[in-house]
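# Structural description and commentary
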Amino acid sequence: MDEERIEIVVIEDEEDILELIEYHLAKEGYAVTGFLSTDNVEQFLEEETPALMLVDRNLPGMEGSEFVAHLRSTGYDIPVIFLTAKDQEFELEEGFMAGGDDYICKPFKPRELVLRIKALLRRTGALQRQDRIKYKTLTMDFTQKKLFVNKAAVALTNLEFNLLHTFLKYIDKPLTRDFLREEAWGQEGEGVNDNAVNVAINRLKNKIDPENEENYFHPVWGVGYKFY
């Protein structure tokens, strides 16, 4: 996905952990900007408006919760999740008192981190504000409920629109036909067999990539499909 993505700032002084977080968030479609300390973060915030910040507390220079408290005192209300090894009860309280919105202790599970991020973005309304998704040649406009391929409008049925949206939310992840039925068809999916799912995907492929130049759809044996 290109610009128009939800942007997340990560402040983490261990490069391997920072890269791990960036990898998992990028897979989810987020735009990620990483910092190894609090240096230059304020300058970045003057020019950009990220939807959320992940902040370690054991940082060189200024401790993470002190930095967040400083941001809060200067008027920044960006949602913050602390991601830290400081796991004592009084340390959690410090984090929330400093202005944190959530607190995850290391070692952490990447999937839990992603779910916590989504929950906080949902509460703050950032997910609802995402009115467009761009990926390669595709642009989904949710305000107009339209798809553009290389800026040319392509007519999709509601089902095809929902199906494509599902694939774009889970790029490069194997999705089962049951999951696709649940996400794209909803309650009507109960009567939809596997062949009907295959036909719908093939019809969508022919509309968005008729010459198979992008090769978006990839069958996963025994599972379903991947989109990338």
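Report follows, based on the coordinates. What you see is a predicted model; the values in this text were computed from it and never measured.

## Observations regarding unusual backbone geometry
Residues K106 and P107 are joined by a peptide bond in cis, for which omega reads -5°. Following the sequence through the fold, P107 ends up in the loop between strand 5 (102–105) and helix 5 (110–124). At N215, a position not held by glycine, the phi torsion is positive, near 55°. By the secondary structure assignment, N215 is in the loop between helix 9 (194–208) and strand 11 (217–220).

## A look at the packing of aromatic side chains
Applying the stated criterion to the full structure yields 10 aromatic pairs. Between Y135 and Y216, the aromatic rings sit 6.4 Å apart at their centres with planes inclined by 45°, giving tilted as the arrangement. With Y135 in strand 6 (residues 132–135) and Y216 in the loop between helix 9 and strand 11, this pair connects stretches of sequence that are 81 residues apart. Neither Y135 nor Y216 differs from the other in exposure class; each is buried. Aromatic pair Y170 and F179: ring centres 5.3 Å apart, planes at 85°, arrangement edge-to-face. Its relative accessible area of 16% is what places Y170 among the buried residues. Here F179 falls in the partly exposed class, since its relative accessible area comes to 23%. In textbook terms, an aromatic cluster arises when at least three aromatic residues are bridged by ring pairs, as seen for Y135, F167, Y216, F217 and F227.

## A few points about the pattern of salt bridges
A pair can form between side chains of opposite charge whenever their charged atoms are brought close. For the structure shown, the criterion picks out 17 salt bridges. A salt bridge links D56 to K106, with the shortest nitrogen-to-oxygen separation between them at 3.5 Å. Placement of the pair is D56 in the loop between strand 3 (52–55) and helix 3 (64–73) and K106 in the loop between strand 5 and helix 5, with a sequence separation of 50 residues. K106 shares its class with D56; the two are buried. E183 serves as the salt-bridge partner of K169, at 3.4 Å between the closest nitrogen and oxygen. Placement of K169 in helix 7 (residues 158–169) and of E183 in helix 8 (residues 177–185) is noted, with a sequence separation of 14 residues between them. Taking the relative accessible area as the measure of exposure, K169 reaches 31% and is therefore partly exposed.

## Things to note about the sheet that holds strand 8 (residues 146–149)
The strand order across the open sheet formed by 4 strands is 6-7-8-9, and the pairing between neighbours is antiparallel. In this open sheet, the two edge strands, each paired with only one partner strand, are strand 6 and strand 9 (152–154). Each adjacent strand pair in this sheet contributes to an overall mean axis angle of 25°, direction not counted. Judged from the 4 bridges that link them, strand 7 (residues 138–141) and strand 8 form a sheet pairing that is antiparallel. Across the sheet, T139 pairs through a bridge with F148, a residue of strand 8.

## Some remarks on the packing of helix 7 against helix 9
Packing of helix 7 against helix 9 brings their axes to within 10 Å, and their N-to-C directions diverge by 85°. It follows from the interaxial angle that helix 7 and helix 9 lie roughly perpendicular. In this structure, helix 7 contributes L159, E160, L163, L164 and F167 to the contact, and helix 9 contributes A200, I201, R203, L204, K207 and I208. Looking at the contact of helix 7 with helix 9 residue by residue, the class counts come to 8 nonpolar, no polar and 3 charged.

## What to know about the packing of helix 7 against helix 8
Here helix 7 crosses helix 8 at 125°, and the two axes come no closer than 8 Å. Compared by their axis directions, helix 7 and helix 8 come out oblique. For helix 7 against helix 8, the interelement crossing comes out right-handed. Across from L159, N162, L163, T166, F167 and K169 in helix 7, the residues of helix 8 making contact are F179, L180, E183, A184 and W185. A per-class count over the contact of helix 7 with helix 8 returns 7 nonpolar, 2 polar and 2 charged.

Parameters and conventions
- Residues numbered from 1 in each chain as written.
- Predicted model: local features only at pLDDT ≥ 70, side-chain atom pairs only at ≥ 80, totals over all residues.
- Heavy atoms only, no water.
- Helix = DSSP H or I, 4+ residues; strand = E, 2+ residues; numbered from the N terminus.
- Phe/Tyr/Trp six-rings, centres within 6.5 Å; stacked < 30°, edge-to-face > 60°.
- Buried < 20%, exposed > 50% of the residue type's maximum accessible area, 1.4 Å probe, protein only.
- Salt bridge = Lys/Arg side-chain N within 4 Å of Asp/Glu carboxyl O.
- Pairing = 2+ DSSP bridges.
- Axes fitted to C-alpha atoms, helices over the stretch in contact; angles between N-to-C directions.
- Parallel < 35°, antiparallel > 145°, perpendicular 65-115°, else oblique.
- Contact = heavy atoms within 4.5 Å.
- Nonpolar A, V, L, I, M, F, W, Y, C, P; charged D, E, K, R; others polar.
- Left-handed = near helix turned anticlockwise from the far one by under 90°.

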